[in-house]
Amino acid sequence: MKHRIFSQTILAGALALPLLASAAGPVVEVYKSAYCGCCTGWVEHMQENGFEVKVKNVESPSDYREKFGIPQELASCHSAKVAGYAIEGHVPAADIKRLLAEKPKAVGLAVPSMPMGSPGMEGPRKDPYDVYLVQGKGQKSVYKHYDGK
């Protein structure tokens, strides 16, 4: 009897493994400079929020921003791709999760510059900033506003 219960438990566990693997967050490919500490902080933020992150240290992260269709006016220090969407800069994981759930027709999300208080830019203060939804042809709209408090 014990052997049968043990065998069934092992079988159930083996069958559940693929489900657990698929439950992991989407893969985020990050293109950044090897020497950027705030980019590393953002990568850690993403990992802490359930994303699998693959980091690619590159000579010119701006080349990827352009390739992904993010306008120069929304530039930051790193670019990423997740589930077909471009992510520029210090976008909070919660906004990326919302984007992936809603699946809008868009290029992706961007936080221009490197605002204090955004993920990876923690420090002595929190500045207000906007996360932009980037649509085709350089159009953008505020996706989420952070008031800095």
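The residue numbering used here restarts from 1 in each chain and proceeds along that chain's sequence as written. In view of the model being predicted, local features appear only for residues whose pLDDT reaches at least 70, and side-chain atom pairs are presented and counted only at 80 or more, with totals across whole chains, interfaces and linings using the full set of residues. Side-chain measures were taken over the full set of non-hydrogen atoms in the model, leaving aside hydrogen atoms and water.

Participant: Could you give me a rundown of the nonpolar core, with the residues and numbers involved?
Facilitator: Residues V28, W42, M46, F51, I87, I96 and L109 are the most contacted members of the largest nonpolar core, which totals 22 residues. Of all the elements in the fold, those that place two or more residues in this core are β1 (27-32), α2 (37-48), β3 (79-82), β4 (85-88), α4 (93-102) and β6 (129-134). Helix numbering and strand numbering both begin at the N terminus, where a helix is a DSSP run of H or I of at least 4 residues and a strand a DSSP run of E of at least 2. It is α4 that provides the largest number of residues to this core, a total of 4 residues. Excluding residues that lie within four positions of it along the chain, M46 makes contacts with V28, F51, V53, V91, A93 and I96. As used here, the term nonpolar core means buried Ala, Val, Leu, Ile, Met, Phe, Trp, Tyr and Cys residues forming a set that is joined through side-chain atoms within 4.5 Å. Buried residues are those whose accessible area, probed at 1.4 Å on protein chains only, stays under 20% of the maximum for their type, while exposed residues exceed 50% and partly exposed ones sit between those limits. Here a residue-residue contact requires only that any non-hydrogen atoms of the pair lie within 4.5 Å.

Participant: Could you give me a rundown of unusual backbone geometry, with the residues and numbers involved?
Facilitator: For K103, which is not glycine, the phi dihedral falls at a positive 50 degrees. In this fold, K103 is placed in the loop between α4 and β5 (108-110). Residue S113 is not a glycine yet carries a positive backbone phi of 60 degrees. Locating S113 in the fold gives a position in the loop between β5 and β6.

Participant: Can you explain the pairing of β1? Please cite residues and give values.
Facilitator: In this scheme, strands are said to pair when DSSP sees at least two bridges between them. Pairing analysis gives 6 bridges linking β1 to strand β2 (residues 52-57), with the strands arranged parallel. Its bridge partner being in β2, V30 is matched across the sheet by V55. With α2 bridging β1 and the parallel β2, this β-α-β connection has right-handed handedness. Of the strand pairs in this sheet, β1 and β3 are connected by 4 bridges, and their pairing is antiparallel. Each bridged residue has a counterpart across the sheet, and for Y31 the counterpart in β3 is S79. By the criterion used throughout, a crossover qualifies as right-handed when its path from the first strand across the helix to the second strand runs clockwise, the strands pointing away from the viewer.

Participant: Summarise the pattern of salt bridges; cite the residues concerned and give the values.
Facilitator: Counted as salt bridges are all cases of a side-chain nitrogen of Lys or Arg within 4 Å of a carboxyl oxygen of Asp or Glu. Tallied over the full model, the rule gives 4 salt bridges. Residue E102 is joined to R98 by a salt bridge in which the shortest nitrogen-to-oxygen separation is 3.1 Å. Pair noted here: E102 and R98 are both in helix α4, with a separation of 4 residues, about one helical turn. Residue classification places E102 among the partly exposed positions, given a relative accessible area of 45%.

Spatial relationships are all this shows, so hold off on functional conclusions.
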